[in-house]
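Commentary on secondary and tertiary structure
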Amino acid sequence: MKIGIAQLNYMIGDFKGNFERMKSAIEHGIAEQADLLLFSELSFCGYPPRDFLEFKHFIHQCEAVIEKLATVAGDKIAIVVGAPSRNPAKDGKDLYNSAYFIANGKVKFIAHKALLPTYDVFDEYRYFEPNKEFNVVEFKGKKLAITICEDIWDTGEANPLYRINPVAELAKFNPDILLNLSASPFNYKQAEKRIEVVRRNATQFHMPVFYCNCAGAQTELIFDGGSLVVDAEGNVLDEMPYFEECIRFYDVESVMAGKVPKVDVQQDKNPTKLIHDALVCGIQNYFRKLGFKKAILGLSGGVDSALVLVLAVRALGKENVLSVLMPSQFSTSHSVDDSLRLVENLGSPYKIIPIKEVFDAYESVMQPHFENKPFDVTEENLQARIRGNYLMALSNKFGYILLNTTNKSEAAVGYGTLYGDMA
């Protein structure tokens, strides 16, 4: 048996786009003569759908996509896909977070998520009913245990978060393979934790794990991919790339025998590289998914705005990021010189629009009302506001998206030199 993992980048509510992406993956799987193709958690509708789940037409569209994908797969390939499903019981929440097993063009089995996280960025118990019944599905002579994301994270350590271990419940049916559909958000330590969790499940329950995560940015979350294949001994046989779409196929018998080559299969986990790639991915996906193409920012010669410019250029292309230098009479010469050197090195467009004339006008108008008080932070903030108005005017006139260059320490105390101050 051959299993494929489709690590794709979905968009919440983009049923047409998500369907086309999944249809293409299915056709790829058929061409590769795969028997089963695994997609990620809530892949039909995108993760996290949140309050969209409250709308009946949203659920109807999810169900329509299920039917369309079942037709595409037909009798040529089986698929496991994540989508909300209706709870037939009157009690409890109206929906489950589910994984549909589709074979021969029909839904043969539906597995529901048991562990619904409510910590950190998660709020799943608000929308879904937790699963309380467990079973496996047989396919091609193998018993498949199908789980969804959090279901594999409660591995029985001291002070567990949940009262039940879904994999332990499924292990009672003696499954041959553990499948997991995930939407696991990025943080720079998550990849190592993810591998450890998957390895622990594999060794504890003595079966290989096929783990499918999504990739790309959605709302305020970034998903890093890094889908995994781990054998029953806990060896990582493959780890897919981070922050990009990827489809790969594996011979199950070879995986079960631990014979898949495992040389240089793990991705680079250097924290600086991961954070850089996550930021580029986030910027790129934000613009693409909202239909924007061009960005504008104030370039000061300082580190904050320089870093934002470099990230934006790498995400959007040098021709799509406009830098605006806005020197005043208080600006140091290096602030302009350093900014010019940066944009010339990057090959990106720029404008120089001095603010002295407007600042002098502000000062002249306000001087009688300042009661001869000395120059202080008031005038410094006037400079920032003038620059912000320049940038917002250009953004409104030409349709640029304004990039904020305020650093994290400023944001933490509720302050920012609006859209890039010039030192």
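Inspection of every chain in the model, using the stated rule, returns 12 aromatic pairs. Here Phe15 and Phe58 contribute two aromatic rings whose centre-to-centre distance is 5.1 Å and whose plane-to-plane angle is 65°, an arrangement assigned as edge-to-face. You can see Phe15 sitting in helix 1 (residues 15–31) and its partner Phe58 sitting in helix 2 (residues 56–73), a full 43 residues away along the chain. Look at Phe15 and you get buried, because its relative accessible area is 8%. Here the aromatic residues Phe15, Phe52 and Phe58 are joined through ring pairs into a cluster of three or more. When the ring centre of Phe19 is taken as origin, the NZ or CZ atom of Lys68, which lies over that ring, is 4.1 Å away. Note that Lys93 overlies the ring of Tyr125, its terminal NZ or CZ placed 3.7 Å from the centroid.

This next bit is on the side chain of Ser348. Topologically, Ser348 is positioned in the loop between helix 8 (333–346) and strand 17 (350–352). The class of Ser348 is buried, set by a relative accessible area of 6%. Filtering out sequence-adjacent residues up to four positions away, Ser348 remains in contact with Leu309, Val313, Lys318, Val321 and Val343.

What follows deals with the side chain of Asp231. Looking at where Asp231 falls in the secondary structure, it is placed in the loop between strand 12 (228–230) and strand 13 (236–239). In terms of polar contacts, Asp231 uses its side chain to reach the backbone amide nitrogen of Glu233, at 2.9 Å. Beyond its immediate stretch of four places on either side in the chain, Asp231 contacts Ala202, Met207, Pro208, Leu237, Val255 and Gly258.

Formed by 40 residues in total, the largest nonpolar core has its most connected members in Leu37, Phe39 and Ile79. Within the residue set of this core, elements represented by two or more residues are helix 1, helix 2, strand 3 (78–86), strand 4 (95–103) and strand 11 (221–224). Each residue touching Leu37, except ones within four places of it in the same chain, is listed here: Gly4, Ile5, Ala6, Ala25, Ile26, Ile77, Ala78, Ile79, Val80, Ile247 and Phe249. Core analysis: the next-biggest nonpolar cluster, separate from the first, contains 30 residues, Ile3, Phe101, Leu179 and Phe210 among them.

Here we come to empty space enclosed by the protein. It is a probe the size of a water molecule, rolled over the atoms, that shows where empty space is left. Within this structure, the stated rule accounts for two cavities of 30 Å³ or more. By volume, the largest cavity amounts to about 110 Å³. Size it by volume and the second largest cavity reaches roughly 80 Å³. Lining the second largest cavity are 14 residues; nearest its centre among them are Tyr10, Tyr47, Cys214, Gln218 and Phe223. Tallied by class, residues from the lining of the second largest cavity come to seven nonpolar, five polar and two charged.

Procedures and definitions
- Along every chain, residues carry numbers that run from 1 in the direction the sequence is written.
- Local features in a predicted model are, by the rule used here, given only for residues with pLDDT of at least 70; side-chain atom pairs are given and counted only at 80 or more, and totals for whole chains, interfaces and linings are based on all residues.
- Hydrogen atoms and water are omitted, and side-chain values are computed over all heavy atoms in the structure.
- Between the rings of Phe, Tyr and Trp (Trp by its six-membered ring), a pair exists once the centres lie within 6.5 Å; its type follows the angle of the planes, with under 30 degrees stacked, over 60 edge-to-face, and the other angles tilted.
- Labels follow the DSSP assignment, with helices taken as runs of H or I lasting at least four residues and strands as runs of E lasting at least two, numbered in each case from the N terminus.
- For every residue, the accessible area obtained with a 1.4 Å probe (protein chains only) is divided by the maximum for its type, and the residue is called buried under 20%, exposed over 50%, and partly exposed between those limits.
- The criterion is that NZ of a Lys, or CZ of an Arg, lies within 6 Å of the ring centre and within 35 degrees of the ring normal, and then a charge sits over that ring.
- Residues are treated as being in contact if the distance between any of their heavy atoms lies within 4.5 Å.
- Nitrogen and oxygen atoms within 3.5 Å of one another constitute a polar contact, given that in protein one can donate a hydrogen and the other can accept it, and given that sequence-neighbouring residues count only through two side-chain atoms.
- Each nonpolar core is a collection of buried residues, namely Ala, Val, Leu, Ile, Met, Phe, Trp, Tyr and Cys, held together in the definition by side-chain atoms within 4.5 Å.
- Put plainly, a pocket is an open set of points on a 1 Å grid over the protein atoms alone with protein on both sides within 12 Å along at least five of seven lines, a cavity is a set where a 1.4 Å probe fits but cannot get out, and a lining residue has an atom within 4 Å of a point.
- Grid points are joined across faces, edges and corners, and a volume is the space filled by probe spheres set on the points.
- For this classification, Asp, Glu, Lys and Arg are treated as charged, while Ala, Val, Leu, Ile, Met, Phe, Trp, Tyr, Cys and Pro are nonpolar and the rest, including Gly, are polar.

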